[in-house]
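Descriptive structure summary
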Amino acid sequence: MTTDVPMPARVEAEPLQRPGVLHLLRYSLGGRLDRRHSSWVLHDVTCRTWLLRHVARTVLIVVPLFVTYMALMPTSLGIRLLTGLTFSGGLFMFSFVNALIDTDRRAVRAGYGVGLPAQLRGQNSAERQRLASSQRRERIAERRTRRNGVR
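Here we summarise the structure given alongside this text. Here, residues in each chain are numbered from 1, in the same order as that chain's written sequence. Residue-level local features of this predicted model are given only where pLDDT is at least 70; pairs of side-chain atoms are given and counted only at 80 or more, and the full residue set underlies all totals for whole chains, interfaces and linings. Only hydrogens and water are removed before side-chain values are computed, so all heavy atoms of the structure are retained for them.

Topic: the pattern of salt bridges
- Salt bridge, as used here: a side-chain nitrogen of Lys or Arg that lies within 4 Å of a carboxyl oxygen of Asp or Glu. All told, the structure shown has five salt bridges when counted by the stated rule.
- A salt bridge links aspartate 34 to arginine 36, with the shortest nitrogen-to-oxygen separation between them at 3.7 Å.
- We call a residue buried when its accessible area falls under 20% of the maximum for its residue type, exposed when it is over 50%, and partly exposed in between, using a 1.4 Å probe and counting protein chains only. Given the relative accessible area of 34%, aspartate 34 is considered partly exposed.
- A salt bridge links aspartate 44 to arginine 53; the nearest nitrogen and oxygen atoms lie 2.9 Å apart.
- The exposure class assigned to aspartate 44 is buried, which follows from its relative accessible area of 2%.
- Arginine 53 sits in the partly exposed class, given a relative accessible area of 24%.
- Beyond isolated ion pairs, a larger network of salt bridges with shared partners links Asp44, Arg53 and Arg57.

Structure, rendered in structure tokens:
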């Protein structure tokens, strides 16, 4: 069951305004950005590297927890390492499973409709595929004309 989410007119109208370092850090840890950054949030969750950005946000959260655990636990190094890696792996897996939900939540908090990020990612992917196919067809046609011209 799919629902078509109407794209707001302000998606194209607003210029992309990247947040500062402290705002970006707060956003990465789950905080909300100001309304003036809402177009950047939509870009963040729909661009080609959206999953890589999600992984980077997860690393920003998990690595300090892992380092703190390794520094403060009084057990042997082997047990600490095994349990720390297991816990960190579980957090990464949870983050990957919920990547779509998290990106959708971020877009909704920025003022966009539920499901809009997935819809835009699908449209962008289809456009990239159409462009790649068109370029491939042009290269094939060019090769054929060169081949036929040489004979």
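More follows now that the structure is in view.
Quick word on the nonpolar core
- Residues Tyr27, Leu33, Trp40, Val41, Leu42, Val45, Ala107, Ala110, Tyr112, Leu116 and Leu120 constitute the largest nonpolar core, which totals eleven residues.
- Strands here mean DSSP runs of E at least two residues long; helices mean DSSP runs of H or I at least four residues long; both are numbered from the N terminus. At the level of secondary structure, the elements contributing two or more residues to this core comprise helix H3 (38–46) and helix H7 (116–150).
- Ranked by residues supplied to this core, first place goes to H3 with four residues. Among the buried residues, those of types Ala, Val, Leu, Ile, Met, Phe, Trp, Tyr and Cys that are joined through side-chain atoms within 4.5 Å form a nonpolar core.

So, to be careful, I would describe these as geometric facts and stop short of saying anything about function.
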